[in-house]
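Close look at the chain arrangement
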Amino acid sequence: MGKDSQLAAEFLDMVADAVFLRDLTGVIGYWNRGAEIVYGWAAEEAEGRRSQDLLHTEFPTSRAAVEREVLETGTWHGELRQRRRDGARIMVESRWSLRRDARGQPSGMLEINTDITARHDAEIRQQLRLEIGELLATAPDWPAVEQALPRIVGEKAGATVAELWDVSRGEAPAPGRHAWVAEASGAPQAVDAVYPLRRGEGVAGQAWVMGQVEAAAEPPGATMALPVLARGRVERLFVWRVPEPPPPAWLPMLRDVGLQLGLFYHRANSEEALRLSEVRFRSLLDSAPDPIVIVDGSGTVVYVNRRVEEVLGYGADELDGQPIERLLPERFRGAHVALRRGFTRAPKTRPMGAGLELFARHKGGAEVPVEISLSPLQLGGSLLVTAVMRDISDRRRVEAEAHRAHTLELARTEHLATLGEVAAGLAHEIKNPLAGMASALEVLSSRFTGPEREVMAEVRQQITRIGGIVADLLNYARPRPPRFALGDLNAAVRHAAEIATRACVPKRVHLEFVAGTLPPVVHDAEQVQRMVLNLALNALDAVAENGQIAVLTEPDGDGHVRIRVRDNGPGIAAGDLQNIFRPFYTTKGGKGNGLGLPMCRRIAELHGGSIEVATQLGQGTIFSIVLPAAGGEASAGAEGSSE
């Protein structure tokens, strides 16, 4: 080496930057003292080796493009990522200059590299802080943070895969959850592979940890963890697979970021929990069947549920901030203020206005009868009062109708009692004279012949009819007490059907009796026969010649039996249907007295039962007698018999 060359080498050894010369194939010919310090290779170890093999340089573009630019312009300047002798990656600011020989031909490269790893790392950490800060300032909720954070950190740390662990539950997520990989193109792509930490790593609050990847098929690597520190514990853990551990300076930065994430996580969860709690609370109140109003200690409305608008017509916006007295009729408002103040002095759960008739005011001005229960609630040192109002309009209406029906029933009972007394006296006064008249006519008729005798027979027939009317009136108004006995209901019904069958012969009407399997029934056989016979004869009057009548018995469920009398007559008109059980109402003209159906209903009621009617014009009518059974499964009648 010449004197000038030696002087130049001594001068370059004084430079802190790494300076080395290499030929066009990359073989190093000179390596200064600064290069030894930056890369850890001694000059004798570096000289004679290719720089690419020694430093594993990563270019911002391709190496060929950089060298082509140097050949064309003579220089190149940029940032390179390289590796030290100990394997650590460093970032250098590199300046290349082209060397030429005496003929002016390119002969080699001079590289001057300044280690900017610390500065570059600080810039990345600062950018990372800024981007995470912006994310936390703009993210609407925690899931948005979970989605964006793996990409932001992964890009800055050179991570290839990210995943999220729910440490608070002691579980790692399923493969692929929030996974992210950086391709060569830089485009994020979801992957299914999971690179977990070894058991216990990254959970105790460490900002990053090292650990070999457990899957043997994967190359060795490191894992970096970012814990979400909330309320003094790790709630979530973001994990990245990185080519090497981050610099130690990342540790405090990651801890600070973890604390910021923890504050956001706790606040977001608290706000979400509060929102969900309020939603559940409102949903619960809105699903209540009664109007609910919540007021503060001054009687100001702070909340109303949906039923308030449905029952009283007020929307929530119309009552919010209004005094509760707005929901009261005006005549009660003044007194209510004093009562309300008395309640707030000694609040306790109780009904409001016990024993009094209470009313709420509808938006339209109408008064709605209500029952109100009050419940105090201390919230954050303030008193709230919940008023649950129950609309009792329907109950009042039912009670009024029941009272009116009871009054009518009392009047009807008194009327029937009076009618019974009158009928009994009338029957007593008429029966004997009628019997005498009938006997006298019998004697007189023997003295007449021809037309006179026919007239006498007609008179006797009318006297007999009058006697029947008197007897029916007496039976209806003052029926004899039933003689109940447990027995076969089918037997009583069959007997009535047999009598009715004989009456059907002149009109050539077919009557069919079908006995179902019935349990024993407590009944008065004579009165049941009278009921069934009356209904069957009414059916006979309704049907035309060759008509059809059916008498059927069957169990009716719930401990009852049913007797049905069905005909194919013309049916009953709507105007008549509502009056057929009224005494003396008849559709038969002079043939009936209108006491048969009322008598049947009276007998059914005395048996604890009822009579129902179903009719269709042009199709016929069905009368059904429903009576309680005595219980049990015993069969007490013929099964499937007909006659």
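Since this is a predicted model, take the numbers as computed values, not measurements.

A few words now on the overall build of the protein chain. Broken down by element type, the protein chain carries 17 helices and 23 strands. Residue pairs in contact within the protein chain that sit at least 24 positions apart in sequence constitute 56% of those at least 6 positions apart.

Along the chain, the position of Ser624 falls in strand S23 (residues 620-628). Exposure remark for Ser624: the relative accessible area of 7% places this residue in the buried category. Here the alpha-carbon distance between Ser624 and Arg564, two residues 60 residues apart in the chain, equals 4.4 Å. In contact with Ser624, other than residues within four places in its own chain, are Arg562, Ile563, Arg564, Ser610, Ile611 and Glu612. In this structure the side chain of Ser624 is engaged in a polar contact, spanning 3.4 Å, whose partner is the side chain of Arg562.

Here we come to the packing of aromatic side chains. Following the criterion strictly, the structure yields six aromatic pairs and no others. Judged by centre distance (5.6 Å) and plane angle (40°), the rings of Trp31 and Tyr39 are tilted. When the ring of Trp142 is compared with that of Tyr265, the centres are 5.0 Å apart and the planes differ by 80°; the resulting orientation is edge-to-face. In this pair, Trp142 is assigned in helix H7 (residues 142-157) and Tyr265 in helix H8 (residues 250-286), connecting sequence segments 123 residues apart.

This part covers the pattern of salt bridges. Taken as a whole and judged by the stated rule, the model has 26 salt bridges. Linking Arg340 and Glu325 is a salt bridge whose minimum nitrogen-to-oxygen distance equals 3.0 Å. With Arg340 in helix H11 (residues 330-345) and Glu325 in the loop between helix H10 (316-319) and H11, the pair connects residues that are 15 residues apart, well separated along the chain. Judged on exposure class, the residue Arg340 and its partner Glu325 are both buried.

Our focus in this paragraph is the environment of Arg361. Turning to its location among the elements, Arg361 is positioned in strand S14 (residues 358-361). Taking the relative accessible area as the measure of exposure, Arg361 reaches 22% and is therefore partly exposed. Expressed as a C-alpha distance, the spacing of Arg361 and Leu312, which sit 49 residues apart in the sequence, is 7.0 Å. Not counting the four nearest positions on each side in its chain, Arg361 is found in contact with Leu312, Tyr314, Arg326, Leu327, Leu328, Pro329, Arg333 and Ala366. Engagement of the side chain of Arg361 in a polar contact is seen with the side chain of Tyr314, the distance being 3.2 Å.

Our focus in this paragraph is the sheet that holds strand S1 (residues 18-23). With respect to topology, five strands assemble into an open sheet ordered S2-S1-S5-S4-S3, the strand pairing being antiparallel. Two strands in the sheet have a free side with no partner beyond their single neighbour: strand S2 (28-31) and strand S3 (75-83). Put simply, the sheet's adjacent strands are angled 25° from each other on average, direction ignored. Sheet topology places strand S4 (residues 89-100) next to strand S5 (residues 106-115); nine bridges connect them, and they run antiparallel. Across the sheet, Ser94 pairs through a bridge with Asn113, a residue of S5. Against the sheet, helix H6 (residues 117-138) touches S3, S4 and S5, its axis set at about 130° to S4.

A few words now on the sheet that holds strand S20 (residues 548-557). Read from one edge to the other, the open sheet built from five strands follows the order S18-S20-S21-S23-S22, with strand pairing classed as mixed. Each having just a single partner strand, strand S18 (510-514) and strand S22 (610-616) make up the two edges of the open sheet. Averaged over all pairs of adjacent strands, the angle between strand axes in this sheet comes to 15°, irrespective of strand direction. Sheet topology note: the strand S21 (residues 560-567)/S23 ladder contains eight bridges and is antiparallel. Paired with Val561 across the bridge in S23 is Leu627. Sheet strands in contact with helix H15 (residues 525-542) are S18, S20, S21 and S23, and its direction is about 25° off that of S21. In the packing of helix H17 (residues 596-606) onto the sheet, contacts are made with S22 and S23, and the angle to S22 comes to roughly 135°.

A word on the side chain of Asn113. With respect to the element layout, Asn113 can be found in strand S5. Here the side chain of Asn113 touches Tyr39 through a polar contact of 3.0 Å, side chain to side chain. Polar contacts involving the side chain of Asn113 include one to the side chain of Glu111, which spans 3.4 Å. When near neighbours in sequence (up to four residues on either side) are disregarded, Asn113 contacts Asp17, Ala18, Phe20, Tyr39, Gln82, Val92, Glu93, Ser94 and Arg95.

Summarising the element assignment, Thr57 is placed in the loop between helix H4 (51-55) and helix H5 (63-73). Polar contacts involving the side chain of Thr57 include one to the side chain of Gln82, which spans 3.0 Å. Once residues within four sequence positions are removed from consideration, Thr57 is found in contact with Gln52, Leu80, Arg81 and Gln82.

Its 16 residues place the ends of helix H14 (residues 489-504) 23 Å apart at the C-alpha level, agreeing with the 22 Å of an ideal helix rising 1.5 Å per residue. Taken residue by residue, H14 has Leu489, Asn490, Ala492, Val493, Arg494, Ala496, Ala497, Ala500 and Cys504 as its buried positions. Here H14 starts with a cap whose side-chain oxygen sits 3.0 Å from the backbone nitrogen of Asn490, and that cap is Asp488.

Another point: empty space enclosed by the protein. Under the definition given, this model contains one cavity of 30 Å³ or more. Phe20, Ser51, Gln52, Leu55, Thr57, Phe59, Arg63, Leu80, Gln82, Trp96 and Glu111 together form the lining of the largest cavity. For the lining of the largest cavity, the elements supplying multiple residues, two or more each, are H4 and S3. Among the elements that make up the lining of the largest cavity, the one with the highest residue count is H4 (three residues).

With that settled, consider unusual backbone geometry. For His56, which is not a glycine, the phi torsion comes out positive at approximately 50°. On the secondary structure map, His56 appears in the loop between H4 and H5. Phi is positive for Asn546, which is not a glycine, with a value near 65°. On the accessibility criterion, Asn546 (49% relative accessible area) is partly exposed.

Taken together, the six bridges between S1 and S5 define a ladder with antiparallel strand orientation. Paired with Phe20 across the strands is Glu111, a residue of S5. The antiparallel hairpin formed by S4 and S5 contains five residues in its connecting segment, where Gly104 sits at a positive phi of about 85°.

Basis of the calculations
Residues numbered from 1 in each chain as written. Predicted model: local features only at pLDDT ≥ 70, side-chain atom pairs only at ≥ 80, totals over all residues. Heavy atoms only, no water. Helix = DSSP H or I, 4+ residues; strand = E, 2+ residues; numbered from the N terminus. Contact = heavy atoms within 4.5 Å. Buried < 20%, exposed > 50% of the residue type's maximum accessible area, 1.4 Å probe, protein only. Polar contact = N/O pair within 3.5 Å; in protein donor to acceptor, adjacent residues only side chain to side chain. Phe/Tyr/Trp six-rings, centres within 6.5 Å; stacked < 30°, edge-to-face > 60°. Salt bridge = Lys/Arg side-chain N within 4 Å of Asp/Glu carboxyl O. Pairing = 2+ DSSP bridges. Axes fitted to C-alpha atoms, helices over the stretch in contact; angles between N-to-C directions. Expected span 1.5 Å × (residues − 1). 1 Å grid on protein atoms, 1.4 Å probe; cavity = no way out; pocket = protein on both sides within 12 Å on 5 of 7 lines; lining within 4 Å. Points joined across faces, edges and corners; volume = space filled by probe spheres on them.

So yeah, pure geometry; function would need other evidence.
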